[in-house]
Amino acid sequence: RQILAAMKILVLITVLSALTSVDADFIEYINENGTELVKEMLDVYWKYDIIDMDHPHSRPGNRKFHQDVEDALVDNLIPELCYMRSDNCTIYNSFVLDCNCVEEFEKLSPQCRTLPCDFVKHALERGPEIIFELFTATNLQEMLEVVTGELATIFESYDFCTCSGEFLKALFGCAKFFNGNILHSQMYAGDIPNVQLGLRNLDLNSLNKFFNKLIGGICADTSSGKCYNDLFSSVQYLAGLADNTLEPGNYRRYYDEGYVQWAYNSWTMEYETVEPPVSEEEMARFVNRMKKDKCNNLFRVIDTFKDDELPTTFSDEDDWREFFDRAQNLMSSLYCDRKCKTEIGEDLYPCCLKDILNNNKMFDHLEDFILSVYKTPDLDFYWDGFEHSLGNEYNHRWNYTIPEDLRTGFMKTIHAAKYCEARNPTCFN
């Protein structure tokens, strides 16, 4: 339960980052009642489920996992990732890895062979403190500073930029024929053949090439050191804009919904609202002030989203075209505002990101992998709008290619700064 709770926390962090410029009402909840709301949503109380606050050695800078979590890492992961070798691996003494995985990771060069072990030991040593810092952060920017700071430490401490190619090759080699005992203990036996069929037919080689090029771009040298430093700086800056936008009550004052302050009542375990009177004149002045200062908030992005919400259901390719058309408008409102080009260029658009997104070969590899997902038979998951039956339409499915205009729409969404109608912003570093 504790491990699943930790995994849910990591998923939530990723979702929060993606939602920063989309679901403003939800993010305002997080900003005002962050830890309580997160705990309620996830049914996770980090003080009790993840971190042992009562441990005699659990103190600032030296937090401790609960014993169950620590035992899972020490008893299962560390022995297999740190000490198991192909000559002593059997189905009886391995759980997380199978012997093929052990062989794949043994192929890592001496410089990189300890990388899997280093990762799990880092999680054991730093994990409790990271989780504590995340759940005591007061806003999105502080949360992302914790995440990006730890990622930078991992990149630098374990020479990940040098070893990532070898590590990914071993990881995907392990995945293709994976048959570890953990699979049999966590899944219904009847589902396992489908999973293994999928892994054998998916184009993991293309996915490996995609990640190699992506990480190569992230690890490229820049004037500030490495590209990931610039990317992390931009993410933190974007989170700061979100915090400026979503200070208590700002969202509702801006959209004339009344100034609502949400408060969590720990006695009733419910959210209560306090609505001090705010005049229409004061609201109008506030909106005018935010629009004048639009380069330091995200109301221009939220305006676009409220006027043209993204579709959530997909039945065919036309629905995906509509999605990308609207998503382009959303991202363009962030990157293409004429009055904010200086701020965008100096803080949100590192040149190494521009280089990564201009790497067409990288996206060719991603497209090949996506097509392999689409074409692999007998899987229980399909992407809405792209599924076909295995009957007379199977040949169509096998020969299917992604329409060029869909790929163009995708690229215009993720690289909006390149497609501004006016002058494109100038990248930094």
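Residues numbered from 1 in each chain as written. Predicted model: local features only at pLDDT ≥ 70, side-chain atom pairs only at ≥ 80, totals over all residues. Heavy atoms only, no water.

The subject of this paragraph is the state of the cysteines. Simply put, disulfide is the name for a covalent bond between the sulfur atoms of two cysteines. This model, assessed by the stated rule, comprises nine disulfides. Across a sulfur-sulfur distance of 2.1 Å, C161 and C219 are joined as a disulfide pair. A torsion of -80° about the S-S bond marks the disulfide between C161 and C219 as left-handed. Of this pair, C161 sits in helix α8 (residues 160-176) while C219 is found in the loop between α11 (204-218) and β1 (221-222), placing the two residues 58 residues apart along the sequence. (Disulfide = S-S within 2.5 Å. Helix = DSSP H or I, 4+ residues; strand = E, 2+ residues; numbered from the N terminus.)

Attention now moves to the packing of helix α12 (residues 227-245) against helix α17 (residues 341-348). Direction vectors running N to C along α12 and α17 enclose 135°, while the axes themselves pass 9 Å from each other. Considering their axes alone, α12 and α17 lie oblique with respect to each other. Residue-level contacts link S234, Y237, L238 and L241 of α12 to E343, D347 and L348 of α17. Taken together, the residues of the contact of α12 with α17 sort by class into four nonpolar, one polar and two charged. (Axes fitted to C-alpha atoms, helices over the stretch in contact; angles between N-to-C directions. Parallel < 35°, antiparallel > 145°, perpendicular 65-115°, else oblique. Contact = heavy atoms within 4.5 Å. Nonpolar A, V, L, I, M, F, W, Y, C, P; charged D, E, K, R; others polar.)

Once that is clear, we can look at the packing of helix α6 (residues 115-136) against α8. At a closest axis distance of 11 Å, the pairing of α6 and α8 adopts a crossing angle of 115°. Judged by residue contacts, L115, P116 and F119 of α6 engage F160, C163 and F167 from α8. In terms of residue class, the contact of α6 with α8 is built from six nonpolar, no polar and no charged.

Moving on: the pattern of salt bridges. With the rule as written, the count across this model stands at ten salt bridges. A salt bridge links D337 to K294; its shortest N-O distance comes to 2.9 Å. Here the residue D337 occupies a position in the loop between α16 (317-335) and α17, and K294 occupies one in the loop between α14 (280-292) and α15 (299-307), the gap between them amounting to 43 residues. Among the ionic contacts, a cluster of salt bridges with common partners joins E317, D318, R321 and D405. (Salt bridge = Lys/Arg side-chain N within 4 Å of Asp/Glu carboxyl O.)

A few words now on the confidence of the model for the protein chain. Chain-level statistics for the protein chain give a pLDDT mean of 78 and a share of 74% at 70 or above. Looking across the protein chain, the model is least confident in helix α1 (residues 2-19), with a mean pLDDT of 43, and most confident in α11, with 95. Taken together, the stretch residues 380-384 has pLDDT below 50 and engages in nine contacts with residues farther than four places along the chain or on a different chain. Long-range and interchain partners of residues 387-392, a stretch whose pLDDT sits below 50, account for ten contacts in this model, where long-range means more than four residues apart. (pLDDT = per-residue confidence, 0-100.)

Attention now moves to the environment of S233. Along the chain, the position of S233 falls in helix α12. When the C-alpha atoms of S233 and D347 are compared, they prove to be 7.5 Å apart, with 114 residues separating the residues in sequence.

Our next topic: the environment of V287. In this structure, V287 sits in helix α14. Each C-alpha atom, one on V287 and one on R253, is 7.7 Å from the other, the two residues being 34 residues apart in sequence. For V287, the contacting residues outside a window of four places in its chain are R253 and Y254.

On to the side chain of H122. Secondary-structure assignment places H122 in helix α6. Here H122 falls in the buried class, since its relative accessible area comes to 10%. Of the polar contacts made by the side chain of H122, one reaches the side chain of E150; its length is 2.7 Å. Not counting the four nearest positions on each side in its chain, H122 is found in contact with G127, E150, T153, I154 and Y158. (Buried < 20%, exposed > 50% of the residue type's maximum accessible area, 1.4 Å probe, protein only. Polar contact = N/O pair within 3.5 Å; in protein donor to acceptor, adjacent residues only side chain to side chain.)

The next thing to look at is the environment of Y251. Tracing the backbone shows Y251 in helix α13 (residues 250-254). In this structure the C-alpha to C-alpha distance between Y251 and F299, which are 48 residues apart in sequence, comes to 8.3 Å.

This part covers unusual backbone geometry. In this model, D159 sits at a positive phi of 50°, which is unusual for a non-glycine residue. When you line up the elements, D159 lands in the loop between α7 (140-157) and α8. Judged by relative accessible area, D159 falls into the partly exposed class, the value being 29%.

This part takes up the packing of aromatic side chains. Taken as a whole and assessed by the stated rule, the structure comprises 15 aromatic pairs. Geometrically, the ring pair formed by F210 and F211 is edge-to-face, given 5.2 Å between the ring centres and 70° between the ring planes. The partly exposed category is assigned to F211, whose relative accessible area is 29%. When the centroid spacing of 5.5 Å and the interplanar angle of 70° are considered together, the rings of F323 and F324 count as edge-to-face. (Phe/Tyr/Trp six-rings, centres within 6.5 Å; stacked < 30°, edge-to-face > 60°.)

A few words on α16. Compared with the 27 Å implied by 1.5 Å per residue over 19 residues, the 27 Å span of α16 between its first and last C-alpha is a close match. Residues of α16 that are buried: D319, W320, F323, F324, A327, Q328, L330, S333, L334 and Y335. (Expected span 1.5 Å × (residues − 1).)

On to the side chain of H415. By secondary structure assignment, the location of H415 is in the segment after α21 (404-414). A relative accessible area of 2% places H415 in the buried class. Not counting residues up to four positions away in its chain, the partners in contact with H415 are Y349, K354, L357 and N358.

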